[in-house]
Amino acid sequence: MAEAADFQGTSPSPARRWLRRSGALLAGAPLLAGLLQLPLSTPSQAAEKASAATAVGASGPVDVSLDSLSPSAPTNGDTVTVSGSVTNTSKQTVTDAHVGLRVGPSLTTRTAIDTAARRTSFQPGLDPLEVGGKYVAQVAKLAAGSSQHFSISVPVKDLDLGADGVYQLGVSLTGRTTAQPWDQVLGIKRTFLPWQPDGADTKTKTTYLWPLISTVHLTAQTGSDAQQTPVFKNDDLAKEISPGGRLDQLLSLGSDLDVTWVLDPDLLASVDAMRGGYRIQQEDGTTVAGRNQAVANAWLDKLEKTVQGQSVVALPFADPDLASLAHHGKDVTGSLSHLKDATDVAAGTVETIVHVKPSTDFAWPADGAVDPSIIKVATSAGADKVIARSDSLRETGGLSYTPSAARPIGGGTTAVVADERLSTAFQGDMMKAGDSTLAVQDFLAQSLMINLQESKNERSIVVAPQRMPTASQAQSMAEGLRALQQGNWSQSQGLTEAAKAKPDPGATTKVPPASAYPSSLRHRELPRSAFERIQATQAKLDKFRMILSDESRVVTPFGRAIDRGMSSSWRGRATEAADFRQGVETYLDGLTGLVHLIQKSDAKLSGRSATIPVTVQNNLVQGVGHLVLRLTSQQPTRLKIHNGPYDEQPIQVAGEHSQSVKFTTSTQANGPVQVVAQLYTEDGQPYGDPVPFEVKVTEITSTVMLVIGGGVLLLVLAGFRMYTQRKRAAARQAEEDAENGPETGGGSEDAEGTVDTDSTEDSAAGPERASGSESGADDPEQPSDPTPDTAPESADPSDAGERVDR
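The structure displayed is predicted, hence computed values, not measured ones.

*Asks:* How would you sum up the packing of aromatic side chains? Please name residues and give values.
*Replies:* Here the structure, examined in full by the defined rule, presents six aromatic pairs. The interplanar angle of 50° and the centroid separation of 6.1 Å between the aromatic rings of tyrosine 208 and tryptophan 210 together place this pair among those described as tilted. On the basis of relative accessibility, which here comes to 0%, the residue tryptophan 210 falls in the buried class. When the ring of tryptophan 570 is compared with that of phenylalanine 580, the centres are 5.4 Å apart and the planes differ by 35°; the resulting orientation is tilted. Of this pair, tryptophan 570 sits in the loop between helix H17 (552-564) and helix H18 (574-592) while phenylalanine 580 sits in helix H18, placing them ten residues apart in sequence. The exposure classification of tryptophan 570 matches that of phenylalanine 580, with both residues buried. Through a chain of ring-to-ring contacts, three or more aromatic side chains come together here, namely Tyr208, Trp210, Phe426 and Phe443. Sitting above the plane of the phenylalanine 362 ring, lysine 385 keeps its charged end 5.6 Å from the centroid. The ring of tryptophan 364 carries arginine 467 above its face, with NZ or CZ at 4.3 Å from the centroid.

Written out as structure tokens, the structure is:
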């Protein structure tokens, strides 16, 4: 970013004039001392000269920590209070010491702020004299390794601040050591004091992005119940949204600020999934119930209230890594379609959960780093605005000021260039109060300097911080932004308005080439193999969905899991990312395997025709269809299936049921035949593993036919004998009736009342035998053939891992 060399038309401030006089006095003091043969300089001057001789280039034996500075941006009538601690890092005791403030000079460029922040040692001429007087904190003795707290309060009027600007503020410890028993500056810490006591004539419009983004928490697995209970990798998300957690603090801090909320729909969907009950995956593959539903409800309720009426931007679902897609994924067929799907579901997810309509026009590559391929991929799903950063889209036109964020870069696309210094101000460890205070003051100083450049021209500046700030970083961000929004040189603006702002005609619009993309970022990208694995999983999902009666239970959870597999949150976590993608595919394989063919043992066929049963088992909780079962003979000259080498039959099986299908066969010759059963989808794609088995064909011989013929002849002879016996018995009965006369009444009883059972026995035996002699009309069937449809194997619900879930 180009810088203004100096402010034109401004008179030196009193502090600057005082500095010049002090510098001249210091420069002439040695000569004057020699001329007058003075034994000693003044204590203050002696300390300056001693420090110049011994401390230049070193941070000094005493570490100064600046823990708080209040107010961060003072105005007229304020009293500036500086608090912190001094720590003796040497092995010598420090005596006769005090802590003092050094204010000035006024800095004129953003580069000058950077330079001053990097200096660690005391440098006479660059560091002014102490404010002195009563505005010091005495430190009588500081033993080696010990620390002491200090606090100094100075009315602003006593700091001799002049014109509006950014002033260097040094906090130094001056004292003596046993090895060097004279006054010297033993340690110093520098920060900045932004000075804008009155409202600026033209304020800078500042957009601050406030991201609510997390890592991936949900798996593809869900329960088999109607609610499809979600399964989480762990319970870390509950920790983040619980009171005091990272996301809870981000939400609480942001609710008091005027910011643009940047939401990952996956985070909202994951928290929403917790509300109705959820389970947590264990290392052994089992799951246990989660217990933080109330926490999820409270966090989402608070978020919904907070974002009403605010500027809200929704990223594509799971915040896909645009640079990885551009550099490694776009050449893998189908990869870009996942970005389109992730973009399409973003707005609906956010609107359904928090009831606010977000903007989905923005794409945000990692760290705002862009090249032509990233721009092309980022806009391929419908976004026409790309959030870049000024250390990527660098100024090349020699501007002496920071231009507005919006830049037209061609093709109807606008690059919204976030300021790099402001965006990275709160990166790093903000756990220590001293680091946080320095970050806040640096942030305010850079912001004010932007406003002082070309102060008559209104500009729109965008700040895009790290995607997932820690809790301490969020606290520092909030402190700095709160001070900025209470200051006199900036006013808040939403991201959509910043993107619509009039572009600066002198700002660069040229996207840097791929060779300029930072290697440090490229090394953290998802590899091509990741997108190949994602696409393989998608192909399996497409095949699986075709056979399901309720595909939404599978397509939705697996589609979102695939989106999560290319999330930006996997950067720098290659092993975890690969494990996640493999887990999604493995779980899908397990579900597709629940619809399969039952293994068959070898079979024997005796005769010229028979039926072969094949059973399809469906262990899913939902029915399947749109499948075809094909039985193929590998030797159709020996065994035909139906009238050819194979036969097909459509399959439809209810959930948790099996279905047997029978194929008619005909034999042509004796011997073993390899037969293969295979399921296919309706479009001809194989589904599942084939089931091969052997059929041994045995043709009917002449000896067998002779035995059968003999048996038939015996049956005929037996029938003839029965017929003749009946004829003879009937004749005898007629003769007896004729001899006895009509008084017998035609009965068959004898004098003792017994009954002739010959004919009765024959009558009883005849139908039974006849019935037993009837041959079945059906073709022979294998004795082990199962019934066509079996009842559910168990009434108990299957485990979550054996069910088709979302």
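*Asks:* I'd like to hear about a nonpolar patch on the surface, residue by residue, with values.
*Replies:* Where nonpolar side chains cluster on the molecular surface, the patch consists of Leu713, Leu714, Val716 and Leu717 and spans about 410 Å² of accessible area. Along the chain, leucine 713 falls in helix H19 (residues 702-740). On the basis of relative accessibility, which here comes to 51%, the residue leucine 713 falls in the exposed class.

*Asks:* I'd love a proper account of the sheet that holds strand S10 (residues 230-232), names of residues and values included.
*Replies:* The four strands are arranged S9-S10-S12-S13 in an open sheet whose pairing can be described as mixed. Each edge of the open sheet carries a strand with a single partner, namely strand S9 (218-222) and strand S13 (287-289). Along the sheet, successive strands turn relative to each other by an average axial angle of 40°, direction set aside. Relative to S10, S9 is paired through two bridges, and the arrangement is antiparallel. Looking across to S10, one finds that leucine 218 is bridged to phenylalanine 232.

*Asks:* Describe the pattern of salt bridges, with residues and values.
*Replies:* According to the stated counting rule, one finds 30 salt bridges in the structure shown. As a salt-bridge pair, arginine 246 and glutamate 240 come within 2.7 Å of each other at their nearest N and O atoms. Overall, the relative accessible area of 14% leaves glutamate 240 in the buried class. In this structure, the salt-bridge partner of arginine 545 is glutamate 551, at a minimum N-O distance of 3.0 Å. Under the relative-accessibility criterion, arginine 545 is labelled partly exposed at 27%. The exposure class assigned to glutamate 551 is partly exposed, which follows from its relative accessible area of 32%. Among the ionic contacts, a cluster of salt bridges with common partners joins Arg533, Lys540, Glu585 and Asp589.

*Asks:* Got a sec to walk through the environment of glycine 671? Specific residues and values, please.
*Replies:* Its place among the elements puts glycine 671 in strand S28 (residues 671-681). Assessed through its relative accessible area of 18%, glycine 671 is described here as buried. It is 5.6 Å that separates the C-alpha atoms of glycine 671 and lysine 696, two residues lying 25 residues apart in sequence. With residues near it in sequence (within four places) discarded, glycine 671 still touches Arg638, Val695, Lys696 and Val697.

*Asks:* Describe unusual backbone geometry, and please don't skip the residues or the numbers.
*Replies:* The omega torsion across serine 70 and proline 71 is -10°, close enough to zero to call that bond cis. One can find proline 71 in the loop between strand S1 (62-70) and strand S2 (79-88). With an omega of 0°, the peptide bond between glycine 104 and proline 105 qualifies as cis. The backbone phi angle of histidine 355 is positive, close to 55°, even though this residue is not glycine. Take histidine 355: it is sitting in the loop between helix H9 (335-354) and strand S15 (362-363). We classify histidine 355 as partly exposed; its relative accessible area is 49%. Although it is not a glycine, histidine 626 sits at a positive phi angle of roughly 55°. Mapped onto the secondary structure, histidine 626 falls in strand S24 (residues 624-633). Judged by its relative accessible area of 43%, histidine 626 is partly exposed.

*Asks:* Outline the layout of surface pockets, supporting the account with residue identities and numerical values.
*Replies:* The computed volume of the second largest pocket comes to approximately 540 Å³. Lining the second largest pocket are 25 residues, with Asp367, Gln466, Arg467, Met468 and Arg524 positioned closest to its centre. Its residues assigned to classes, the lining of the second largest pocket comprises nine nonpolar, nine polar and seven charged.

Thresholds applied
Residues numbered from 1 in each chain as written. Predicted model: local features only at pLDDT ≥ 70, side-chain atom pairs only at ≥ 80, totals over all residues. Heavy atoms only, no water. Phe/Tyr/Trp six-rings, centres within 6.5 Å; stacked < 30°, edge-to-face > 60°. Buried < 20%, exposed > 50% of the residue type's maximum accessible area, 1.4 Å probe, protein only. Helix = DSSP H or I, 4+ residues; strand = E, 2+ residues; numbered from the N terminus. Lys NZ or Arg CZ within 6 Å of the ring centre and 35° of its normal. Patch = residues over 30% accessible without salt bridge, like charges linked within 9 Å, V, L, I, M, F, W, Y side chains within 5 Å. Areas by Shrake-Rupley, 256 points an atom, 1.4 Å probe, with all protein chains shown as cover. Salt bridge = Lys/Arg side-chain N within 4 Å of Asp/Glu carboxyl O. Pairing = 2+ DSSP bridges. Axes fitted to C-alpha atoms, helices over the stretch in contact; angles between N-to-C directions. Contact = heavy atoms within 4.5 Å. 1 Å grid on protein atoms, 1.4 Å probe; cavity = no way out; pocket = protein on both sides within 12 Å on 5 of 7 lines; lining within 4 Å. Points joined across faces, edges and corners; volume = space filled by probe spheres on them. Nonpolar A, V, L, I, M, F, W, Y, C, P; charged D, E, K, R; others polar.

From the geometry alone we can't say anything about function, so treat these as descriptive.
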